[in-house]
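# Architecture and fold: a report
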Amino acid sequence: MRVLVTGGCGYIGSHTIVELLNSNMEVIVVDNLVNSSLDVLDNIKKITGKKPTFYEYDMCDKEKLRSIFQKEKIDAVIHFAGLKAVSESVSKPLLYYKNNLFSTINLLECMEEFNVYKLVFSSSATVYGNPTHLPVTEDFPLKTTNPYGTTKLMIENILVDLYKANSKFDITILRYFNPIGAHKSGLIGENPKGIPNNLMPYLVNVALGKSEVLNIYGNDYKTIDGTGVRDYIHVCDLAYGHLLALKNSKSGFKIYNLGTGKPTSVLELVKMFEKVNKVPVKYQITNRRAGDIDACYTSPAKAFKELNFTCRYTLSDMCLDSYNFAKKSIDKESR
Ligand code: NAD
Ligand code: WQD
C-alpha cells in the first residue's frame, strides 16, 4: 500500500510513519515544516532503514498538493497536518480556520479527483468538550470550547457530508486522547517550537532545568487529588492504531477513540516521572487554566472490538521515553 501522510514530519505523524515503513508500506510525506523540521526524516531512516518521499508544500496551495497526486500513485491518506495549539487558536482564530480547513478541503478535492478514497483523519478528544460522564464513548454529544477544537469538529462534519454524497469514500476518524512519550530510540519525539503548552513537554523542560517550575493548574477539581485527570497514551501505541485503522477490513465511515482508558492525574504523572527518571520536578499549584475540565478518559472498548487495538506501553514507559528523547535532543544541541 502507498500511503500519503500529511504532516508526517510532526510528532504523531513521524511515529506513524515508522509503523507504516516497518510493515512494508510505502510512504509519501507532505509537510510545510511550520511546526517540525526536516531532520525528522533522517531520523526515521536511522530507525527503519528507509526514507519516505518528501514534498515540502503548504497544503493550502491546492496546485502544489494536486501535483503530488498527479505524480504519485496513492492508495490511502493519513491526514495529520494542521495547527494544534489551543491558546494560539483563541488569539488567532482565522489562522486556524484557514490552515486547518483549507488544507483539508484541498486534500479531499484531490482525493476525489484522483479516485483515492481511503482516509484516516486525526481528530481529538477535544470534540467532546466537557463530557457529562465518564468514560467517553464515541456516541457522546459533541461540543467544542476553542477555535482549534472547532476546526476538528467542522472537519468531522465535512467528512460526514462527503461520505453521504460519495459512499466510495472509506473514512476513519480517530479521536486521540493525550499522546505523550517518544520512540524508544530517542531519535523522534515531541519537539514543540517555543514554550510548550501541554503538560509533558513542560514537565520535561523543568526536569532538564530549562524552566524553573511546573505550574499545576488547580488542585480543586473533582478528581482523586484535585488535579486534572486525563488519559495519557504512548505515541507509539497511537501510531500503531493508525496501522490497524488502515488494515481494518470494515469499510465505510468509522469513528474510534484512541486512549488507554486509564485515568491519571497531573500529580500522579509528576510522581511517576520523578520515580522512573530519578529526577526531581519542582512544581507549584496555581490557578486553574481557562477552559480546562476536571477529567477526560476514554472507553477503549470500540477500538478494541473493531480494530483489536490495545496499548502495549505503561505510564512508566511514557515518562521514561519522553525524558530519554528530550535528553538526547539536548545532547545534540550542545554538540
Ligand atoms: P505536529 O504539529 O507535531 O504535526 C503537525 C504537522 O503538520 C507539522 O509537521 C506541521 O508542520 C504540519 N502542517 C501544519 N499545517 C500544514 C499545512 N498547511 N501544510 C502542510 N503541513 C502542515 O502535531 P501532532 O501532535 O503530530 O498532531 C498531528 C495531528 O493530530 C494534528 O492534526 C492534531 O490536531 C491532532 N491531534 C494532536 C493531539 C496532540 O496532543 N498532539 C491530540 C489530538 C489530536
Ligand atoms: C493536561 C493536564 C492541565 C500544563 C490538550 C488539548 C487537546 C489535545 C491534547 C489536541 C490538564 C494540566 C498542563 C501545565 C498543568 N490536543 N497542566 N500544567 O488540556 O488535556 O488537552 O492537548 O487535540 O485538544 O486541549 O492537555 O497537556 O495541556 O493538560 O497543570 O503546564 O495538565 O490543567 O489537567 P489537555 P495538556
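What comes next concerns the included structure.

Analysis parameters
Residues numbered from 1 in each chain as written. Chains lettered and ligands numbered in written order. Predicted model: local features only at pLDDT ≥ 70, side-chain atom pairs only at ≥ 80, totals over all residues. Heavy atoms only, no water. Helix = DSSP H or I, 4+ residues; strand = E, 2+ residues; numbered from the N terminus. Buried < 20%, exposed > 50% of the residue type's maximum accessible area, 1.4 Å probe, protein only. Contact = heavy atoms within 4.5 Å. Lys, Arg positive; Asp, Glu negative; His and termini not counted. Charge placed at Lys NZ, Arg CZ, Asp CG, Glu CD. Core = buried A, V, L, I, M, F, W, Y, C linked by side-chain atoms within 4.5 Å. Near = heavy atom within 4 Å. Polar contact = N/O pair within 3.5 Å; in protein donor to acceptor, adjacent residues only side chain to side chain. Areas by Shrake-Rupley, 256 points an atom, 1.4 Å probe, with all protein chains shown as cover. Nonpolar A, V, L, I, M, F, W, Y, C, P; charged D, E, K, R; others polar. Pairing = 2+ DSSP bridges. Axes fitted to C-alpha atoms, helices over the stretch in contact; angles between N-to-C directions. Parallel < 35°, antiparallel > 145°, perpendicular 65-115°, else oblique. Left-handed = near helix turned anticlockwise from the far one by under 90°. Patch = residues over 30% accessible without salt bridge, like charges linked within 9 Å, V, L, I, M, F, W, Y side chains within 5 Å. Salt bridge = Lys/Arg side-chain N within 4 Å of Asp/Glu carboxyl O. Arc of directions from axis to C-beta.

A separate point is the overall build of the chain. When helices and strands are counted, the chain shows 11 helices and 13 strands. A total of 335 residues make up the chain; the buried ones form 56% of that total. Long-range pairs, those at least 24 residues apart, make up 80% of the contacts in the chain between residues at least 6 apart in sequence. For the chain, the distance from the average position of its 41 positive side-chain charges to the average position of its 35 negative side-chain charges is 3 Å.

Right, let's talk about the nonpolar core for a bit. Judged by nonpolar contacts, the single largest core of 36 residues is most densely connected at Leu20 and Leu246. Non-local contacts of Leu20, meaning those with residues more than four positions away in its chain, are made with Val3, Val5, Met25, Val27, Ile78, Leu243 and Leu246. The next biggest cluster of nonpolar side chains, apart from the first, holds 27 residues, and it includes Ile28, Phe69, Leu107 and Phe169.

Looking now at the site of ligand 2. Not every one of the 18 residues close to ligand 2 is listed here, only the nearest: Ser124, Tyr148, Asn215, Arg230 and Asp292. A distance of 2.8 Å separates an oxygen atom of ligand 2 from a polar backbone atom of Leu199. A distance of 2.5 Å is found between an oxygen atom of ligand 2 and a side-chain nitrogen or oxygen belonging to Asp292. When the free accessible area of ligand 2 is taken as 680 Å², the share hidden by the protein chains comes to 87%. Looking at which element gives the most residues to the shell around ligand 2, the answer is strand 8 (residues 214-217), with four residues. Residue composition of the shell around ligand 2, grouped by class: eight nonpolar, seven polar and three charged.

A separate point is unusual backbone geometry. The amide bond that connects Leu134 to the next residue, Pro135, takes the cis arrangement and shows omega of 0°. Turning to its location among the elements, Pro135 is positioned in the loop between strand 5 (118-124) and helix 6 (147-165). Notably, Lys278 is not glycine yet its phi reads approximately 50°, a positive angle. Its relative accessible area of 74% is what places Lys278 among the exposed residues.

A few words on the sheet that holds strand 1 (residues 2-6). Strand order in the open sheet made by the seven strands is 3-2-1-4-5-6-11, with parallel pairing throughout. At either end of the open sheet lies a strand with only one pairing partner, and these are strand 3 (53-55) and strand 11 (253-258). Strand-to-strand twist in this sheet, taken as the mean axis angle between neighbours without regard to direction, amounts to 20°. Both strand 4 (residues 76-79) and strand 5 contribute to a ladder of four bridges, which runs parallel. By the bridge assignment for strand 5, His79 is matched with Phe121. The strands touched by helix 8 (residues 235-247) within the sheet are strand 1, strand 4, strand 5, strand 6 (170-176) and strand 11, with strand 6 carrying the most contacts at an inclination of about 165°.

Right, let's talk about the packing of helix 7 (residues 199-207) against helix 9 (residues 266-277) for a bit. Interaxial distance between helix 7 and helix 9 falls to 12 Å at its minimum, and their mutual angle equals 40°. For the element pair helix 7 / helix 9, the angle class is oblique. Helix-helix and strand crossings are classified by hand; for helix 7 and helix 9 the assignment is right-handed. Here helix 7 contributes Leu199, Met200, Leu203, Val204 and Ala207 to the contact with helix 9, which in turn contributes Val266, Leu269, Val270 and Phe273. Here the residues of the contact of helix 7 with helix 9 are counted per class, giving nine nonpolar, no polar and no charged.

Now for the site of ligand 1. Near ligand 1 lie 27 residues; those nearest to it are Asp31, Asn35, Ser36, Phe80 and Tyr148. Here Asp31 contributes a side-chain N or O atom positioned 2.6 Å from an oxygen atom of ligand 1. Expressed as a share of its isolated accessible area of 820 Å², the protein-covered part of ligand 1 is 95%. For the shell around ligand 1, the elements supplying multiple residues, two or more each, are helix 1 (11-22), strand 5 and helix 6. With three residues, strand 5 is the single largest residue contributor to the shell around ligand 1. Partitioned by chemical class, the residues of the shell around ligand 1 number 13 nonpolar, 10 polar and four charged.

The grouping of Lys46, Lys328, Lys332 and Arg335 at the surface amounts to a positive patch. For Lys46, the location among the structural elements is in helix 2 (residues 39-48). You can call Lys46 exposed: its relative accessible area is 60%.

So, on to the environment of Glu268. Mapped onto the elements, Glu268 comes out in helix 9. Take Glu268: its relative accessible area is 33%, and that puts it in the partly exposed class. For the pair Glu268 and Phe114, spaced 154 residues apart in the sequence, the C-alpha separation amounts to 49 Å. Sequence-distant contacts of Glu268, that is, excluding residues within four places in its chain, are made with Ile224, Asp225 and Pro263.

To continue, consider helix 2. What helix 2 keeps buried is the set Val40, Leu41, Asn43, Ile44 and Thr48. Down the axis of helix 2, the sector holding all buried residues measures 160°, keeping them to one side. Those residues of helix 2 that are buried lie in contact with helix 1, strand 2 (26-30), strand 3 and helix 11 (315-334). Trailing helix 2 by a residue or two, Gly49 shows a phi angle of about 80°, which is positive.

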